[in-house]
Amino acid sequence: GENVEQHPSTLSVQEGDSAVIKCTYSDSASNYFPWYKQELGKGPQLIIDIRSNVGEKKDQRIAVTLNKTAKHFSLHITETQPEDSAVYFCAASKAGNQFYFGTGTSLTVIP
Amino acid sequence: NAGVTQTPKFRVLKTGQSMTLLCAQDMNHEYMYWYRQDPGMGLRLIHYSVGEGTTAKGEVPDGYNVSRLKKQNFLLGLESAAPSQTSVYFCASRRAGGPYEQYFGPGTRLTVT
């Protein structure tokens with residue numbers, strides 16, 4: 001099956017700085033890569049996703065890049081704010097059936 | 001529009017007891033999923049369903065059973081609970097076809113003593 005690795009497990013940044021979280025996957029047939037944000041005591045919420053036919057996608061301060069050859073994808077958050085503090089998960093899926101998640105990154109934005 | 005709801009929110013079981021977790025969605029989604037979340041391990045798929053009356057095994061199905069008798073409900077059963085099943089359980093749903101966005105419920109925290 002698919003194996004998704006995520007780094008780092010914890011990340012602290014100063015408010016206004018950028019944060020980058022990286023994931024690798026093992027199954028070259030995976031074609032959908034979402035990123036989820038989970039706040040304390042809540043379920044994960046999709047913040048951005050990318051399909052394998054696209055190399056980069058941006059939504060305001062959040063961007064995701066995908067390198068299919070190297071089988072890795074990254075989440076970039078610019079101009080971080082305290083409300084960005086949460087746990088972030090990457091995932092990989094083949095056509096939206098089963099989803100395989102990374103182990104999560106706890107992001108702390110220091111005011 | 002409540003989205004995805006889970007019942008109960010918390011539960012404590014003794015080893016060997018059984019229980020059923022209920023997931024309900026009001027978005028007319030075809031796909032439904034059950035995950036468990038353990039510290040340092042992310043979310044792992046237990047079982048999923050691609051439509052009413054269907055179920056399929058995920059990554060960690062052992063010790064769990066599921067049923068999808070109605071499109072809006074997905075039940076997760078533990079027949080004989082074990083301490084290793086102490087976890088937070090999340091249900092999710094999504095529409096058929098694209099986009100593949102999953103909508104998650106608020107979770108059920110289960111402790112087995």
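First, a word on what this report is: a plain description of the structure on this page. The model shown is predicted, which means the values in this text are computed figures rather than measured ones. (Residues numbered from 1 in each chain as written. Chains lettered and ligands numbered in written order. Predicted model: local features only at pLDDT ≥ 70, side-chain atom pairs only at ≥ 80, totals over all residues. Heavy atoms only, no water.)

1. Overview of the overall build of chain A
Reasoning step 1: Along the backbone of chain A there are zero helices and eleven strands.
Reasoning step 2: Helices and strands appear in chain A in the N-to-C order β-β-β-β-β-β-β-β-β-β-β.
Reasoning step 3: Whereas a compact globule of 111 residues would reach a radius of gyration of roughly 13 Å, chain A reaches 13 Å, a difference of no more than 12%.
Reasoning step 4: In terms of overall dimensions, chain A has a C-alpha envelope of 40 × 30 × 20 Å along the principal axes.
Reasoning step 5: Per-residue burial over chain A gives 46% buried out of 111 residues.
Reasoning step 6: Taking the contacts inside chain A whose residues are at least 6 apart along the sequence as the reference set, 52% of them involve residues at least 24 apart.
Reasoning step 7: Accessible surface for chain A amounts to roughly 5400 Å². Of this, 46% is attributable to carbon and sulfur atoms.
Reasoning step 8: Distance between charge centroids for chain A: 7 Å, based on 10 positive and 12 negative side chains. (Helix = DSSP H or I, 4+ residues; strand = E, 2+ residues; numbered from the N terminus. Rg over C-alpha atoms; globule rule 2.2 N^0.38 Å. Buried < 20%, exposed > 50% of the residue type's maximum accessible area, 1.4 Å probe, protein only. Contact = heavy atoms within 4.5 Å. Areas by Shrake-Rupley, 256 points an atom, 1.4 Å probe, with all protein chains shown as cover. Lys, Arg positive; Asp, Glu negative; His and termini not counted. Charge placed at Lys NZ, Arg CZ, Asp CG, Glu CD.)

2. Overview of the nonpolar core
Residues and elements named next belong to chain A.
Reasoning step 1: Counting residues in hydrophobic clusters, the biggest one holds 24 residues, and the most contacted among them are W35, F73, L75 and L107.
Reasoning step 2: Elements represented by at least two residues in this core include exactly β2 (10-14), β3 (19-25), β4 (32-38), β5 (45-51), β7 (62-67), β8 (72-77), β9 (86-93) and β11 (105-110).
Reasoning step 3: Every residue in contact with L75, bar those within four places of it in the chain, is listed here: A19, V20, I21, W35, I47, I48, I62, A63 and Y88. (Core = buried A, V, L, I, M, F, W, Y, C linked by side-chain atoms within 4.5 Å.)

3. Comments concerning unusual backbone geometry
Glycine aside, a negative phi is what most residues show, and trans is what most peptide bonds show.
Reasoning step 1: The amide bond that connects H7 of chain A to the next residue, P8 of chain A, takes the cis arrangement and shows omega of -5°.
Reasoning step 2: Looking at the element boundaries, P8 of chain A is found in the loop between β1 (4-7) and β2.
Reasoning step 3: Going from T7 of chain B to P8 of chain B, the amide bond is cis rather than trans, its omega being -5°.
Reasoning step 4: Examined against the element boundaries, P8 of chain B turns out to sit in the loop between β1 (4-7) and β2 (10-13).
Reasoning step 5: Even without a glycine there, the phi angle at Q60 of chain A is positive, about 55°.
Reasoning step 6: Mapped onto the elements of the fold, Q60 of chain A is located in the loop between β6 (56-59) and β7.
Reasoning step 7: Of note, the phi angle at E79 of chain A is positive, near 45°, even though the residue is not glycine.

4. Points about the sheet that holds strand β8 (residues 73-78) of chain B
As a general point, the strands of a sheet are linked pairwise by backbone hydrogen bonds and lie either parallel or antiparallel.
All names here are of chain B.
Reasoning step 1: Read across the sheet, four strands follow the order β1-β3-β8-β7 without closing on themselves; strand pairing throughout is antiparallel. Strands at the two margins of the open sheet, each flanked by one partner only, are β1 and β7 (65-67). The sheet shows a mean angle of 20° between the axes of neighbouring strands, taken without regard to direction.
Reasoning step 2: In this structure, β7 lies alongside β8, joined through three bridges in antiparallel fashion. Note that in β8 the partner of V66 across the bridge is L76. (Pairing = 2+ DSSP bridges. Axes fitted to C-alpha atoms, helices over the stretch in contact; angles between N-to-C directions.)

5. Topic: the interface of chain A and chain B
Reasoning step 1: Tallying the contact residues gives 19 residues for chain A and 23 residues for chain B.
Reasoning step 2: Contact between chain A and chain B buries roughly 1700 Å² in total, counting both sides, with carbon and sulfur atoms accounting for 55%.
Reasoning step 3: When the buried surface of chain A facing chain B is broken down by residue, Q98, F99 and F101 of chain A rank first, second and third, together holding 27% of it.
Reasoning step 4: Between chain A and chain B we count zero salt bridges in total.
Reasoning step 5: Counting every contact that joins chain A to chain B gives five residue pairs in polar contact (both at pLDDT 80 or more).
Reasoning step 6: Among the secondary structure elements, those contributing two or more residues to the side of chain A that touches chain B are β4, β5 and β10 (99-101) of chain A.
Reasoning step 7: Classifying every residue of the side of chain A that touches chain B by side-chain character gives nine nonpolar, eight polar and two charged. (Buried area = accessible area lost by both parts, 1.4 Å probe. Salt bridge = Lys/Arg side-chain N within 4 Å of Asp/Glu carboxyl O. Polar contact = N/O pair within 3.5 Å; in protein donor to acceptor, adjacent residues only side chain to side chain. Nonpolar A, V, L, I, M, F, W, Y, C, P; charged D, E, K, R; others polar.)

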